[in-house]
Amino acid sequence: MPKIVITQENINTVLKLILTWEGKLTWGLLCERIARELQVDKVERQSLAAYTAIQKAYSERKEELRTKSHEVQRVSDDVTVEYLKNQVKNLQAEVTLLKNENSKYKERFILWQYNAYLNGVRVSRLDDVADVLNKPLTAVNRAKGG
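About the thresholds
Residues numbered from 1 in each chain as written. Predicted model: local features only at pLDDT ≥ 70, side-chain atom pairs only at ≥ 80, totals over all residues. Heavy atoms only, no water. Salt bridge = Lys/Arg side-chain N within 4 Å of Asp/Glu carboxyl O. Helix = DSSP H or I, 4+ residues; strand = E, 2+ residues; numbered from the N terminus. Buried < 20%, exposed > 50% of the residue type's maximum accessible area, 1.4 Å probe, protein only. Contact = heavy atoms within 4.5 Å. Axes fitted to C-alpha atoms, helices over the stretch in contact; angles between N-to-C directions. Parallel < 35°, antiparallel > 145°, perpendicular 65-115°, else oblique. Nonpolar A, V, L, I, M, F, W, Y, C, P; charged D, E, K, R; others polar.

## Regarding the pattern of salt bridges
Item 1. Summed over the entire model, instances satisfying the criterion amount to 6 salt bridges.
Item 2. In this structure, the salt-bridge partner of E22 is R61, at a minimum N-O distance of 3.1 Å. On the criterion of sequence distance, the pair formed by E22 in the loop between α1 (11-19) and α2 (27-38) and R61 in helix α4 (residues 52-68) is long-range, its members being 39 residues apart.
Item 3. Classification of E22 as partly exposed rests on a relative accessible area of 35%.
Item 4. Among the charged side chains, a network of salt bridges with common partners joins E22, R61, E64 and K89.

## Concerning the side chain of R61
Item 1. By relative accessible area, which is 5% here, R61 ends up buried.
Item 2. The contacts of R61, once residues within four sequence positions are left out, are I18, L19, T20, W21, E22, L25 and K68.

## Points about the side chain of T20
Item 1. Structurally, T20 is set in the loop between α1 and α2.
Item 2. Since its relative accessible area comes to 17%, T20 is described here as buried.
Item 3. Sequence-distant contacts of T20, defined by excluding residues within four places in its chain, comprise R61, K89, N90 and A93.

## A word on the packing of α1 against α4
Item 1. Here α1 crosses α4 at 10°, and the two axes come no closer than 9 Å. Here α1 lies roughly parallel to α4, going by the angle between them. For the pair α1 and α4, the contacting residues are I11, V14, L15, I18 and L19 in the first and A53, I54, A57, Y58 and R61 in the second.
Item 2. Among the residues making up the contact of α1 with α4, the classes are represented as 9 nonpolar, no polar and 1 charged.

Below is the structure:
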């Protein structure tokens, strides 16, 4: 049975690594770097691409780097400035991750709220009806008006 390398505990580490990546970004380079970070022998591209969040972050960062490569960057001799720039980049990556996570929670809450309303659920019965609240929204067919 294959060893599970990417878990809920370390997926944020992987996403942060992708969002702060500098230079050429390829699946091979990313897999090597993640393997070093997570202290494992090997990480496969397919196991990373199986996670939608990782695939999306990789694609977006690759596009950013492609457009960014045309811009001229100034390199500072001051180590403190470089350190602070790195800190800002890391914090921006963390903010991006947290905003995405918060957005998913908001979507889930709206789904639960809607399903609770449809099923006449009272606050006192919320624990009893968790399955009902997790039902997906019904598809709307706009062509037929309903």
